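Report on the structure
Single-letter residue listing:
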Amino acid sequence: MVERIEELRRGAEAEISSASDLDALETLRVRHLGRKAELTMILRGIRDLPAEERGRAGAAGNEARQALEALLDARRAALEAADLDEHLASDAIDVTLPGSPSLRPGARNLLARTLREIEDVFIGLGYRVMEGPEVELDFYNFTALNHPPGHPARMAQDTFYVDPATLRSDLRIDADPATPGREAENAGGGDSAPRLGTQGAAAAGLLPPGPEDVVLRTHTSPMQVRAMEAQQPPIFIVVPGRCYRSDPFDATHSPMFHQIEGLAVGEGITLADLKGTLDEFARAIFGPERQTRFRPGFFPFTEPSVEVDVSCFACGGSGRLPGGPRDPLCKGTGWIEILGSGMVDPNVFGFVRERGYDADRVRGFAFGMGIERIAMLKHGVPDLRKFFENDVRVLGQFS
Amino acid sequence: MRVPSSWLREYCDPELAADELAALLALRSTEVERISHVGPPAADGFVIGKVASVERHPDADRLSVCEVDTGGETRTIVCGAPNVAAGQTVAVALPGATMPGGQKLGQAKLRGVVSDGMILSEAELEIGDDAAGIIELLPAASSATRPGAAGLAPGTPLSEVLAIPESVLELEVNSNRVDCFGVYGVAREVHAVTAAPLADPPWSEDAEATGEGTAADYASVRVEVPELCPRFTARVFTEVEVGPSPPWLKARLMAAGQRPINNVVDVTNYVMLLTAQPLHAFDLDKVPGGELIVRAARDSETMTTLDGAERELDAETVLVGDRDGPSAIAGIMGGQVSEVSEATTRVLLEVATWNGVNILRTSRKLGLRSDASNRFEKQLHPELAIRAQRIASRLLVETCGARLVPQTIDAVAAIPERHRPRLRAGRAAELLGMAIETDRAATYLERLGFGVEREGDDLVAEVPVDRHHDVSREVDLVEEVGRIHGYDEHLPATLPGSAGQAGRLSREQTLRRRAEDLVRDLGFDAVTTLSLTDPGMPGRLRIGSGDAPGAPIRVSNPLSIEHSELRTTLLGTLLDAARYNLAHGAERVALFESGRAYLAHGGSKFGGVAAGEFAGDRPAAAYEPHRIACIAVGALRSSSWQAESRRGDFFALKGALEGLAQGLGTPLSVEPGTEPFLHPGRAGSVLVDGEAAGWIGELHPLVCRAWDLEQAAGFEVDLAALVAVSPYGGESYDDVISYPAVHQDVAVVVAEDVSAARVRSAVLEGGGELLRSAEVFDVYRGDQLGEGRKSLALGLEFRAADRTLTDEEVAERRAAITEALGVIGGTLRE
């Protein structure tokens, strides 16, 4: 009996191992382990066998049955896996076709991005960001910045004046005959140059105008006095925004452009602090090796005033490109002018003295730079007009 | 300001190459825009020659064959100048010399005669503009008219009498440094930064007055407007011989960019270029009675200026005139009436001080700027007038053979007292953060022309008169010593002490960045458009123009009409940008701008900087709301091989607007709107917290046509509203997990004209507190609903914070919803 069992097992094993599909495998299961299969019959008849044979035959039969069941399972798994592989193979796609577009993120604006980068540098240095009006009073744009009426520096910035007829009727502010800032320091040595009354001069088409006029701000600096009126020292702010000058469009000018102003006022602030601050700025924006250089400059609202150059990032400051040719970016000087700055003029503090800005007690520095210029230098934009053309092929280059 | 190197070196010669000096000046004094060159690039081959003989060229009527002594040898030179004559002392270029412009001179054969060099004209040497004749360094028969002319021996290098090669420093002088509009002022700066010796001032010696009588016998001056003319000085010269200036004078003027005219006028220009003080010469015989009157012009009075133009004046213009009428616009330009001419023999030399503000005003008004007005408008000190008189007198005597009449007519109102600011010890270090020893500071100031006295450790510095309007305070002295000490070399880099605050963005600024990033991530490209537009913009947007409320703010003095008004909406310039891109090959555009509109009137209940509320005591002149605006033309999402494109229609834009609002957590709603630039059936008003905060819609076909677009949609919302209502920063935890929500869908049948918003609000009203949300997810129209009716499907979420809701509770709310819908004629569809 045991021999017959072994014989059945060997036969079944051979057939199962060579079964080629799941249907054949099921047929084999019925044939070898089904109700009418010989092995099943044998196991069912075990109890009728003589006692001495019963044990051996039963063990052999059960063992054979378990072995065949395991073999069937294994074979089924193998056949199923092969089936799946075959199915998946037939389900293949062309992975080189373009993807189905998700919503394409829009382009970042290089100006806006540069502005944020600069803001973030100064936020890291402890500054807050403030914004001010673009339609601005002459008072803040010029008068309080130590440009008295008739000051030639007013003329240097070609100013757009606003037609008062198109503004609120209550807006006209009386000219302030006293310019308190003039006496902030050196009260004895007053300027004796006679000055003309200018009230309403700009409105009449006669320049120079007076503090009652309204302009499109020519720089972000008017926020200096606005901010100091609103906040006692110390004050550390940057002021980004649009500015306007009547410069016709060319590669480096536009009647509208962007500036960012910086103002830091507190006790013990020095010109050296301005240099350290601008060095940090230059390294953050133009690269870790950069440094700045100060040259004498002139702005009515700073004294001393300095023009600031950054060491050229194209040539590393040598003025020569690899191989010897003159660096066109810095014109061979190794330095690029990036901004104007200086120590806040005591006359400016004179306008906010009652707010805690006593020129003998607090000092500060201010700087202003053109965002377009920084972005042009940093990214090789050849022409300022590109920023306002808004060509999507250009916009898309900056992410 | 063009400063010829040779002229500068006469007063201060640091023995540096022009580019080295320029670099030093840029770092310590005044920016040098460029270094240019005039005349021949090198001195080699240029010598003085004496014409021995002149003969007619055998084969050319207009050429002469000259024998010229060029020092130890005589050479044959062919010359085309009509004025060449035997006995003249001339300038000669020998073969091998390099001419201005770089051309190298060789031997040339002219109609068969070999010319062994070239006799030069002023123009060829770039020392004058006379190209017709050669320069006569000395006329054929004359003695020296200038000291040093004896050195004009044949063979002498020309560079000994003329500046060859000549480099010119082109300074970009700041408006506060009127002293650097004169060569001597620049020389003083060179002295200060290099310590090279400075020559005595050119005004230290006056001319000897040899004329007859006194100036008062010839002329008088009456100043009617002393507040506009603080000083008017005049000297009289007789026996003046008007003619061309000597070559050295012409050469200097040319190098400085001034065209030589005649010796008298050239002297006035020369002295102005040297001292920054302009002068004006009158032909005294053309001034009736020799009586000069300084007065204000009458309104609409006219006069003809030296440039031949007739100018109309006004009552603020100051004139110098005589009893017959005006002869010069004070400080700006002379007139033709009393111009110095060949026939002039008596000269009245005016050197005056004018009110700078008035000069600036008048020159702007007349659109007339001159070298004189450019200096006067920066305000000169009255002391400078006498300096200029002294130098000019000597030159007029030397170069015009004039005799100076004794006495200076001097109408002086008041000479401002000299400033004497004190520089306290240590103050420079406090302000600059770099220490400068007192001795050093004193030296720097002395070199700059200050009269320095020590008082203890302090310095008291008397300011030179030509710095009077620039330096008056201690802080100004700090700048002087700081810059001469050298920021580049000595200034340390430190960081300020604590700002006493953390640097960070305000909540509004944080949310503005978030809003910009959201819109960008929703597929819109960020643009920056001009805030200045043209007066036609409102019309193209169908807003109407003119004096309506909301009319644009206008610029009084625009550059062009294209940029003369401030935008009142971001839409117009966004459409400009869209059109530009479509014209340049883009098939679709989706653009957004984050920026301001500018309105004369208005305000926002939401407040903040984005609503135009800025710091400062004086309110802003206009209302400048910050807005986020989007437009889409064509597909918002492009098509692919697999999917259709998504057109940028009303709902695509509304999806973007909702995405923006959701990203900020700001609830907003849209109601039918009426903006004139929108399709009247597809226009929405954006409401935030019940307040109008913008618009959304498809653009009116006529607006599209004005921008050559087929179809476009967009929205514009006030940032202040989005920010104010956003919960950002104030959110608190809401337990949505402990007790499950019940989700149910309902279908509501209503009349076609009942808006989804009304249905939703009725559902929310009926649902009460337990109904946490109700969102429309489907709209169905069909026969079984009947004509003019629609079915809206809404997904409802019921939830209580403190318990699991029972079926009964939800059923109760549904009943209430049914009731609320009944009010708007709606029924629940089973």
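Residues numbered from 1 in each chain as written. Chains lettered and ligands numbered in written order. Predicted model: local features only at pLDDT ≥ 70, side-chain atom pairs only at ≥ 80, totals over all residues.

So, the overall build of chain A
Selection criterion: Segments assigned H or I by DSSP are reported as helices when at least four residues long, segments assigned E as strands when at least two residues long, and all are numbered from the N terminus. The exposure scheme places C-beta atoms from the backbone and then counts, for each residue, the other C-beta atoms within 10 Å of its own, assigning buried at 20 or more, exposed at 12 or fewer, and partly exposed in between. Contact criterion: two residues are in contact if their C-beta atoms, reconstructed from the backbone, are within 7 Å.
Looking only at helices and strands, chain A has 13 helices and nine strands in total. Put simply, chain A has 399 residues, and 47% of those count as buried. In chain A, of all internal contacts separated by at least 6 residues, the share reaching a separation of at least 24 is 72%.

So, the sheet that holds strand β34 (residues 678–688) of chain B
For clarity, the threshold we go by: In short, DSSP must find at least two bridges between two strands for them to pair.
Sheet architecture is open: seven strands sit in the order β26-β29-β30-β36-β35-β34-β33 (chain B), paired in mixed fashion. The open sheet has two free edges, formed respectively by β26 (525–526) and β33 (669–672) of chain B, since each of these has just one partner strand.

As for helix α21 (residues 756–767) of chain B
Residue and element names in this part refer to chain B. So the rule is basically this: By this rule the span expected of a helix is its residue count minus one, scaled by 1.5 Å. What the arc covers is the set of directions going from the helix axis to the C-beta atoms.
Along its 12 residues, α21 runs 16 Å from first to last C-alpha, staying within 8% of the 16 Å computed at 1.5 Å per residue. V759, A762, V763, G766 and G767 are the residues of α21 that are buried. Looking straight down α21, one finds its buried side chains confined to an arc of 130°; they lie on one side. Those residues of α21 hidden inside the fold are in contact with β37 (742–751), β38 (771–780), β39 (789–798) and α22 (807–823). Positive phi shows up at G768, right after α21, with a value of about 65°.

Quick notes on the interface of chain A and chain B
Counting residues at the interface gives 101 residues for chain A, matched by 103 residues for chain B. In terms of residues, the side of chain A that touches chain B owes the most to one element, helix α9 (residues 271–286) of chain A, which gives seven residues.

Remarks on the domain arrangement of chain B
Short version of the rule: Where each domain begins and ends is defined by an automated method or by a domain database.
Per the domain assignment, the segments of chain B are domain 1 (2–36 + 170–194), domain 2 (46–160), domain 3 (215–412), domain 4 (422–489), domain 5 (507–725) and domain 6 (742–829). The straight-line distance from the C-alpha centre of domain 2 of chain B to that of domain 5 of chain B is 75 Å.

What about the confidence of the model for chain A?
This is how the line gets drawn: By definition, pLDDT measures how confident the predictor is in each residue, and it falls between 0 and 100.
Looking at chain A, pLDDT values average 85 and 87% of them are 70 or higher. Throughout residues 173–208 of chain A the model reports pLDDT below 50, and contacts reaching past four residues in sequence, or to other chains, amount to 81 contacts.

Observations concerning unusual backbone geometry
Following E303 of chain A, the chain continues to P304 of chain A via a peptide bond in cis, the omega torsion being -5°. With respect to the helices and strands, the residue P304 of chain A is situated in strand β7 (residues 302–311). For the peptide bond that leads from I164 of chain B to P165 of chain B, omega is -10°, which places it in the cis range. As for its position among the elements, P165 of chain B is in the loop between α3 (122–125) and β10 (166–172). One non-glycine residue with positive phi stands out, namely N390 of chain A, at about 60°. Along the chain, the position of N390 of chain A falls in the loop between α12 (386–389) and α13 (392–395). Accessibility expressed as a C-beta count within 10 Å gives 25 for N390 of chain A, which makes it buried. Backbone geometry at R111 of chain B places phi at a positive 50°, although glycine is not the residue there. Here R111 of chain B is to be found in the loop between β7 (108–110) and β8 (113–115). Judged by the 11 C-beta atoms lying within 10 Å of it, R111 of chain B falls in the exposed class.

Observations regarding the domain arrangement of chain A
How big an interface is tends to be expressed through the accessible area that disappears when the partners come together. Split into domains, chain A comes out as domain 1 (2–90) and domain 2 (110–134 + 217–395). Taking only C-alpha atoms, the centre of domain 1 of chain A and the centre of domain 2 of chain A are 88 Å apart.

Notes on the packing of helix α15 (residues 507–521) of chain B against helix α18 (residues 650–664) of chain B
All names here are of chain B. Rules: Working convention: axes come from line fits to C-alpha atoms, limited for helices to the stretch in contact. Angles between N-to-C directions cover 0 to 180 degrees. Helix crossings get a hand from a simple test, with the near helix turned counterclockwise from the far one by less than a right angle marking a left-handed crossing and a clockwise turn marking a right-handed one. Polarity classes work like this: nonpolar for Ala, Val, Leu, Ile, Met, Phe, Trp, Tyr, Cys and Pro, charged for Asp, Glu, Lys and Arg, and polar for all others, with Gly in that last group.
Across the interface, α15 lies against α18 with an axial gap of 9 Å and an inter-helix angle of 145°. Our pair here, α15 against α18, has a crossing hand that is right-handed. In this structure, α15 contributes L511, R514, A515, L518 and V519 to the contact, and α18 contributes G659, L660, G663 and L664. Residues of the contact of α15 with α18, tallied by class, amount to six nonpolar, two polar and one charged.

A short note on the packing of helix α12 (residues 438–447) of chain B against helix α13 (residues 474–485) of chain B
To characterise two packed helices, one gives the angle between the axes of the helices and the distance between these axes. All names here are of chain B. How we decide: Roughly parallel here means an angle under 35 degrees, roughly antiparallel means over 145, roughly perpendicular means 65 to 115, and every remaining angle is called oblique.
Contact pair α12 / α13: the axes reach a minimum separation of 9 Å and the direction vectors enclose 95°. Judged by the angle between their axes, α12 and α13 are roughly perpendicular. Between α12 and α13, the contacting residues are A441, Y444 and L445 on the first element and L477, E480, V481, I484 and H485 on the second. Among the residues forming the contact of α12 with α13, the class breakdown is six nonpolar, one polar and one charged.

Quick word on the confidence of the model for chain B
Residues and elements named next belong to chain B. Residues at a pLDDT of 70 or more form 98% of chain B, whose mean pLDDT is 92. Within the model, the stretch residues 143–148 combines pLDDT values under 50 with five contacts to residues more than four positions away or in other chains. Per the prediction output, this complex has pTM 0.86; the corresponding ipTM is 0.89.

Section: the environment of R427 of chain B
Residues and elements named next belong to chain B. With respect to the helices, strands and loops of the structure, R427 is situated in helix α11 (residues 427–432). R427 sits in the partly exposed class, given 18 other C-beta atoms within 10 Å. R427 sits 51 residues away from V478 along the chain, and the two C-alpha atoms are 7.7 Å apart. Non-local contacts of R427, meaning those with residues more than four positions away in its chain, are made with E474 and V478.

Concerning the environment of N62 of chain A
All names here are of chain A. Position of N62 among the secondary structure elements: in helix α4 (residues 51–90). Owing to 14 C-beta atoms within 10 Å, N62 belongs among the partly exposed residues under this scheme. As for N62 and E119, which are separated by 57 residues in sequence, their C-alpha atoms are 82 Å apart.

Things to note about the nonpolar core
All names here are of chain B. For the record, the criterion: A set of buried Ala, Val, Leu, Ile, Met, Phe, Trp, Tyr and Cys residues, joined through C-beta atoms within 7 Å, is what we mean by a nonpolar core.
With 313 residues, the main nonpolar core has A91, I119, V264, A330, V347, L591 and C630 as its most contacted residues. In this structure, L591 is in contact with F524, D525, V527, L574, A577, A578 and I631, ignoring residues within four places of it in sequence. If you look at the next biggest cluster of nonpolar residues, it comprises 14 residues, including V759, L792, I817 and L821.

Topic: the pairing of strand β6 (residues 89–93) of chain B
All names here are of chain B. In terms of residue burial, β6 counts as a mostly covered element, since five of its five residues are buried. Two elements, strand β3 (residues 46–57) and β6, share five bridges in a ladder whose sense is antiparallel. Paired with I48 across the two strands is A91, which belongs to β6. Taken together, the two bridges between β6 and strand β9 (residues 118–119) define a ladder with antiparallel strand orientation. Across the sheet, V92 pairs through a bridge with I119, a residue of β9.

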